[in-house]
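Observations on the model geometry
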Amino acid sequence: MSNLAALLPGSLSIENPEAAMKWGDLSDWHHAIGTGPFMLNDYVSSSSMTLVKNPNYYGHDERYPQNQIPYVDTLKFLIIPDLATAMAAVRHR
């Protein structure tokens, strides 16, 4: 299992049966299914992960109910396994 839920003790994997029948192996990120505020747009192993805003997300801002969330359009996470390199990247900014 290659998701965040796998890190939790006693975690349970819930899979969409139609997706499992269509694609078989659901470990490929291209077949990710979810209802959260972001969708996985790109993943480069040991390098980066890019999430984009889900236009169909149902959430609204509690303070301003007329505003649909999330406010940000794109999130990019850099994966830097080497601690020294990660610290250098933080200091560079």
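Residues numbered from 1 in each chain as written. Predicted model: local features only at pLDDT ≥ 70, side-chain atom pairs only at ≥ 80, totals over all residues. Heavy atoms only, no water.

1. Regarding the confidence of the model for the protein
- Chain-level pLDDT for the protein is 82 on average; 84% of the residues reach the 70-or-more range.
- For the protein, helix α1 (residues 17–23) is the element with the lowest average pLDDT, namely 84, and strand β3 (residues 74–78) is the one with the highest, namely 94. (pLDDT = per-residue confidence, 0-100. Helix = DSSP H or I, 4+ residues; strand = E, 2+ residues; numbered from the N terminus.)

2. Description of the environment of Val72
- One can find Val72 in the loop between β2 (48–53) and β3.
- Classification of Val72 by relative accessible area gives partly exposed; the value is 35%.
- Filtering out sequence-adjacent residues up to four positions away, Val72 remains in contact with Phe38 and Lys53. (Buried < 20%, exposed > 50% of the residue type's maximum accessible area, 1.4 Å probe, protein only. Contact = heavy atoms within 4.5 Å.)

3. Points about the packing of aromatic side chains
- For the coordinates displayed, the defined rule picks out one aromatic pair.
- Taking 4.7 Å as the distance between ring centres and 35° as the angle between the ring planes, the aromatic pair formed by Tyr57 and Tyr58 counts as tilted.
- The class of Tyr57 is buried, set by a relative accessible area of 15%.
- Here Tyr58 falls in the exposed class, since its relative accessible area comes to 60%. (Phe/Tyr/Trp six-rings, centres within 6.5 Å; stacked < 30°, edge-to-face > 60°.)

4. Comments concerning the environment of Asp61
- Relative to the helices and strands, Asp61 is located in the loop between β2 and β3.
- Separated by 10 residues in the primary sequence, Asp61 and Tyr71 place their C-alpha atoms 9.3 Å from one another.

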